[in-house]
Amino acid sequence: MTSSFPEGFLWGGATAANQCEGGYDCDGKGLSVPDVITGGTVTEPRHVTDGVLPGRNYPSHEAVDMYHHYKDDLALFAEMGFKCYRLSINWSRLFPEGDEAEPNQAGVEFYRGVFEECKRLGIEPLVTISHYELPLGLAKKYGGWSNRKLVDFYLTYCKTLFTEYKGLVRLWLTFNEINCATMGGFGNIMGLGILPETEDWPMSFGACEWDDPQRRYEGLHNQFVASAKAVRLGHSIDPDNRIGCMIAGNATYPYSCNPDDVLAAQSDQRERNFFCGDVQVRGAYPAWGESYLARQGVTLEVSEEDAATLKAGTVDFYSFSYYMSSTASTDPKLVEGGNLFAGAGNPYLEKSDWGWAIDPKGLRYYLEEVYDRYQVPLMVVENGLGAVDEVEADGSIHDPYRIDYLRKHIEQMAIAVEHGVDLMGYTMWGCIDLVSASTGEMKKRYGFVYVDKDNDGNGTLARSRKDSFDWYKKVIATNGADLD
Ligand code: BGP
């Protein structure tokens, strides 16, 4: 058995602070936007509320309490042989309101403990600086990323990270799924911290009535500028830092060979290229950007100074999440939902219990398309199957569906590598069960490690190994050669 993956390939798993840490008010932490978002289900949306309201269920408050279990959890990741662990920092643990000049030292020390433990275990951390986690103070007082002042607050936060964790962290991502700002509901709230002026609002993924596209795209522009400045800052503080962008990736196929469907698919892919690749890898808005924005009623004045900033702050690598593919059609009757992407159904593909089309070959397609276009190292930083797991009477958890999903995706990744794609690593999403971002559920499980907790918050929080745990351990030990 020979491996297609290069030596030093970064095998591992990924999480985000608001979905796993809990400890939402511990040791001086302030509230963040997810702390005021309730749990939902696949049919009942999550709600964003004006502060923490009594009697409501906010899953981020305890999540799976990694705040107090991180040493045990990292030990389990090390047992699987993780080379890399992608995690995010909860900004409001370091800057409780977001606009302080100095950080909360207890928050700084918490993450230092996490990174020192990673180092002891030989696991390289990959840190997402902002993963759907704006301090609520910045949303309330400043209107989130629509306010240019956020760039400076973000840089103060980044400077703290790059300085405090120099020597412990080398790999960084500036923003999680920066392209989610294209979506009215979720994009405003989770992506940009632009909140509705109501006490209680059901969070949609698509259009929402109070959405202002002009404000939303100005917010996204501020994130691009912040990201570019952070890249330069990170390099100046430690030349060893490698700083990447992160996008919600997705392969889009035309629903048919009708030229209208082909153009719809092209437009979808162009929109995706716009965000990570064109602005963050090439350092400039694409030629067609202006007409794209104009169609949404948006005019962006990019100053010469900002254009120079984008050019000077291009990223070192391109990373993305990949869960599914979608199909583009101009026929509105065919459109159905799915993660961040709506599209027409694909009769050739099966779907997960949450309606996401399972398409391993789409991962190869996406890797090869993106690499052809940008020629920078790529990394798959999220991929996985959200499924319902059953615990047997003896405590074992058999999850062949998860093994099957991951195996098929890794097989396709291997082919992409054989075809010349420069792939740095693979961090499977939700390596330990955690709260779902879209629905706020625990029931939608991704992990190799099971956590005893249900949607209503009941459970002991005890951890146990699923069958996929041993399978992934073998995958890593053979550098992806043995996938059986
Ligand atoms: C991505 C997010 C993650 C994660 C994942 C799975 O969009 O970056 O935070 O949650 O999707 O989605 P979900 O949790 O909704 O199943």
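Now for a description of the structure that goes with this document. Everything quoted here is computed from the prediction, not taken from an experiment.

Focus: the site of the ligand
Phase 1 of the analysis: The environment of the ligand is formed by 14 residues, the closest being Gln-19, Glu-177, Ala-437, Ser-438 and Tyr-446.
Phase 2 of the analysis: Within the contact set of the ligand, an oxygen atom lies 2.9 Å away from a side-chain nitrogen or oxygen of Glu-382.
Phase 3 of the analysis: For the shell around the ligand, a count of residues per class yields six nonpolar, five polar and three charged.

Structural notes on the packing of aromatic side chains
Phase 1 of the analysis: A full pass over the atoms with the stated rule returns 39 aromatic pairs.
Phase 2 of the analysis: Arranged with centres 5.0 Å apart and planes meeting at 15 degrees, the rings of Phe-77 and Phe-82 form a pair that is stacked. Comparing Phe-77 with Phe-82 shows no difference in burial state: the two are buried.
Phase 3 of the analysis: Pairing Phe-274 with Trp-288 gives two aromatic rings, centres 5.5 Å apart and planes at 85 degrees, and the pair type is edge-to-face. Linking Phe-274 in helix α9 (residues 259-282) with Trp-288 in the loop between α9 and α10 (289-295), this pair joins segments that are 14 residues apart in sequence. The burial state of Phe-274 is the same as that of Trp-288; both residues are buried.
Phase 4 of the analysis: Looking at Arg-93, its charged tip hangs above the ring of Phe-110, at a distance of 5.4 Å from the centre.
Phase 5 of the analysis: For Lys-444, the ring lying beneath its charged end belongs to Trp-356, and the centroid distance is 3.7 Å.

Comments concerning the packing of helix α8 (residues 213-237) against α9
Phase 1 of the analysis: One way to put it is that α8 packs onto α9 with a least axis distance of 11 Å and a crossing angle of 45 degrees. As judged from the angle between their axes, α8 and α9 are oblique. Crossing geometry of α8 relative to α9 is assigned as right-handed. Across the interface between the two elements, Tyr-217, Leu-220, Phe-224 and Ser-227 from α8 touch Phe-275, Val-279 and Gln-280 from α9.

Side note on empty space enclosed by the protein
Rolled over the atoms, a probe as big as a water molecule pinpoints where empty space is left.
Phase 1 of the analysis: Counting across every chain of the model gives eight cavities of 30 Å³ or more.
Phase 2 of the analysis: Estimates place the volume of the second largest cavity at around 130 Å³.
Phase 3 of the analysis: Every residue lining the second largest cavity is counted, 18 residues in all, and those nearest its centre are Ser-130, Met-190, Gly-191, Leu-192 and Gln-223.
Phase 4 of the analysis: It is helix α7 (residues 185-191) that provides the largest number of residues to the lining of the second largest cavity, a total of three residues.

Here we look at the sheet that holds strand β5 (residues 171-173)
Phase 1 of the analysis: Spatially, the eight strands close up into a barrel ordered β1-β3-β4-β5-β7-β9-β13-β14, and their pairing is parallel. Within this sheet the neighbouring strands show an average axis-to-axis angle of 25 degrees, counted without direction.
Phase 2 of the analysis: Relative to strand β3 (residues 84-88), strand β1 (residues 10-14) runs parallel, the two sharing three bridges. Across the sheet, the residue bridging to Ala-14 is Arg-86, located in β3.
Phase 3 of the analysis: Most of the contacts of helix α14 (residues 467-477) go to β1, to which it runs at about 150 degrees, and overall it touches β1 and β14 (423-429).

The rules behind these values
- Residues numbered from 1 in each chain as written.
- Predicted model: local features only at pLDDT ≥ 70, side-chain atom pairs only at ≥ 80, totals over all residues.
- Heavy atoms only, no water.
- Near = heavy atom within 4 Å.
- Polar contact = N/O pair within 3.5 Å; in protein donor to acceptor, adjacent residues only side chain to side chain.
- Nonpolar A, V, L, I, M, F, W, Y, C, P; charged D, E, K, R; others polar.
- Phe/Tyr/Trp six-rings, centres within 6.5 Å; stacked < 30°, edge-to-face > 60°.
- Buried < 20%, exposed > 50% of the residue type's maximum accessible area, 1.4 Å probe, protein only.
- Helix = DSSP H or I, 4+ residues; strand = E, 2+ residues; numbered from the N terminus.
- Lys NZ or Arg CZ within 6 Å of the ring centre and 35° of its normal.
- Axes fitted to C-alpha atoms, helices over the stretch in contact; angles between N-to-C directions.
- Parallel < 35°, antiparallel > 145°, perpendicular 65-115°, else oblique.
- Left-handed = near helix turned anticlockwise from the far one by under 90°.
- Contact = heavy atoms within 4.5 Å.
- 1 Å grid on protein atoms, 1.4 Å probe; cavity = no way out; pocket = protein on both sides within 12 Å on 5 of 7 lines; lining within 4 Å.
- Points joined across faces, edges and corners; volume = space filled by probe spheres on them.
- Pairing = 2+ DSSP bridges.

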